[in-house]
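Spelled out, the chains give:
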Amino acid sequence: MALILFDLDGTIIDSTDYLLQALHLAVEDMPHIQEPAKETLQSAYGLTGNDFWAKVVPDASPQEITIIRRRRSEFLDQLVKGKDLLFPGVKETLQQLKQDGHTLSTASNCGTHYLDMILDTQEIRRYFSEPLCLGTIHGEKKGDVLAAHFEKFGKTEAYLVGDRYSDIEAAKEHDIPVIYCTYGFGTDEEAAQADYRIGSIDEVRSIIS
């Protein structure tokens, strides 16, 4: 049986519209900060901490970013309540993979609050054995999240499912295959470097047999 690690945005969920709205609300009283465009936000997925915020709100000072991050979380919590952020077939695929006997978990560059919010509002926590993100382990890159999983579960047969170069980079660091979601937010150039490419999440089962 395999250990299957899933990225969040662009892989199992798309929170873009709500996250964008939360960000716009967060900078509403900061006229010197340009509201980020949808394309800018999506291009920042996969970046970590400071790099993410430097791309999304480049005009904000470190102090303003602290305020924006807090406000973003508060607004996003309100906006996603009762909303379905999952890509088609995600819940069914996670359930089937778990029933098949595989160990599932998360590997995201997000913070712990965001991870918990997604797992609980989307009602998918029960499918994951040890959901982790960069914030949970206080790591610096996605490869650190993978290392934390391997310490607990080993990596005899492990896969990373994601949609950005950060996923490919982390998988290469640990010499495991990456399953690349072409429906996510990555580019054709990124996709070309993946071991497997899928157009829908249910195709994971045909790769991991």
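Rules used throughout
- Residues numbered from 1 in each chain as written.
- Predicted model: local features only at pLDDT ≥ 70, side-chain atom pairs only at ≥ 80, totals over all residues.
- Heavy atoms only, no water.
- Helix = DSSP H or I, 4+ residues; strand = E, 2+ residues; numbered from the N terminus.
- Rg over C-alpha atoms; globule rule 2.2 N^0.38 Å.
- Buried < 20%, exposed > 50% of the residue type's maximum accessible area, 1.4 Å probe, protein only.
- Contact = heavy atoms within 4.5 Å.
- Areas by Shrake-Rupley, 256 points an atom, 1.4 Å probe, with all protein chains shown as cover.
- Lys, Arg positive; Asp, Glu negative; His and termini not counted.
- Charge placed at Lys NZ, Arg CZ, Asp CG, Glu CD.
- Core = buried A, V, L, I, M, F, W, Y, C linked by side-chain atoms within 4.5 Å.
- Pairing = 2+ DSSP bridges.
- Right-handed = clockwise from strand over helix to strand, strands pointing away.
- Phe/Tyr/Trp six-rings, centres within 6.5 Å; stacked < 30°, edge-to-face > 60°.
- Lys NZ or Arg CZ within 6 Å of the ring centre and 35° of its normal.

K.L.:
An account of the overall build of the chain is requested, with residue identities and associated values reported.
P.N.:
Of the regular secondary structure elements, the chain holds 11 helices and 6 strands. Computed over its C-alpha atoms, the radius of gyration of the chain comes to 17 Å, within 12% of the 17 Å expected for a compact globule of 209 residues. With the C-alpha coordinates of the chain rotated into their principal frame, the extents come out at 55 × 35 × 30 Å. Counting over 209 residues, the chain shows a buried share of 49%. Restricting to contacts in the chain with at least 6 residues of sequence separation, those with at least 24 account for 64%. For the chain, the exposed area adds up to about 9,900 Å²; of that, 46% sits on carbon and sulfur atoms. Of the side chains in the chain, 20 bear a positive and 35 a negative charge, and the two mean positions are spaced by 4 Å.

K.L.:
Give a description of the nonpolar core that names residues and reports values.
P.N.:
Counting residues in each nonpolar core, the largest one holds 54 residues, and the members touching the most others are F6, V57 and I68. Membership of the second largest hydrophobic core comes to 18 residues, among which are L3, L146, A170 and V178.

K.L.:
I'd like a description of the pairing of strand β4 (residues 158-162), backed by residues and values.
P.N.:
A large share of β4 lies buried, amounting to 5 of its 5 residues. With burial as the criterion, each face of β4 is covered, one bearing A158, L160 and G162 and the other bearing Y159 and V161. Relative to strand β5 (residues 178-181), β4 runs parallel, the two sharing 3 bridges. Across the sheet, residue V161 finds its bridge partner in β5, namely I179. Handedness of the crossover joining β4 and β5 through helix α9 (residues 165-173): right-handed.

K.L.:
Hey, could you go over the packing of aromatic side chains for me, with residue numbers and the actual values?
P.N.:
Two descriptors summarise a pair of aromatic rings, namely the distance from one centre to the other and the angle between the planes of the rings. Per the counting criterion, the structure on display carries 4 aromatic pairs. For the ring pair F52 and W53, a centre distance of 5.2 Å and an interplane angle of 85° mean the geometry is edge-to-face. In this structure F52 comes out as buried when scored by relative accessible area, which is 11%. One Lys or Arg, K152, reaches over the ring of F153 and ends 5.8 Å from the middle of that ring.

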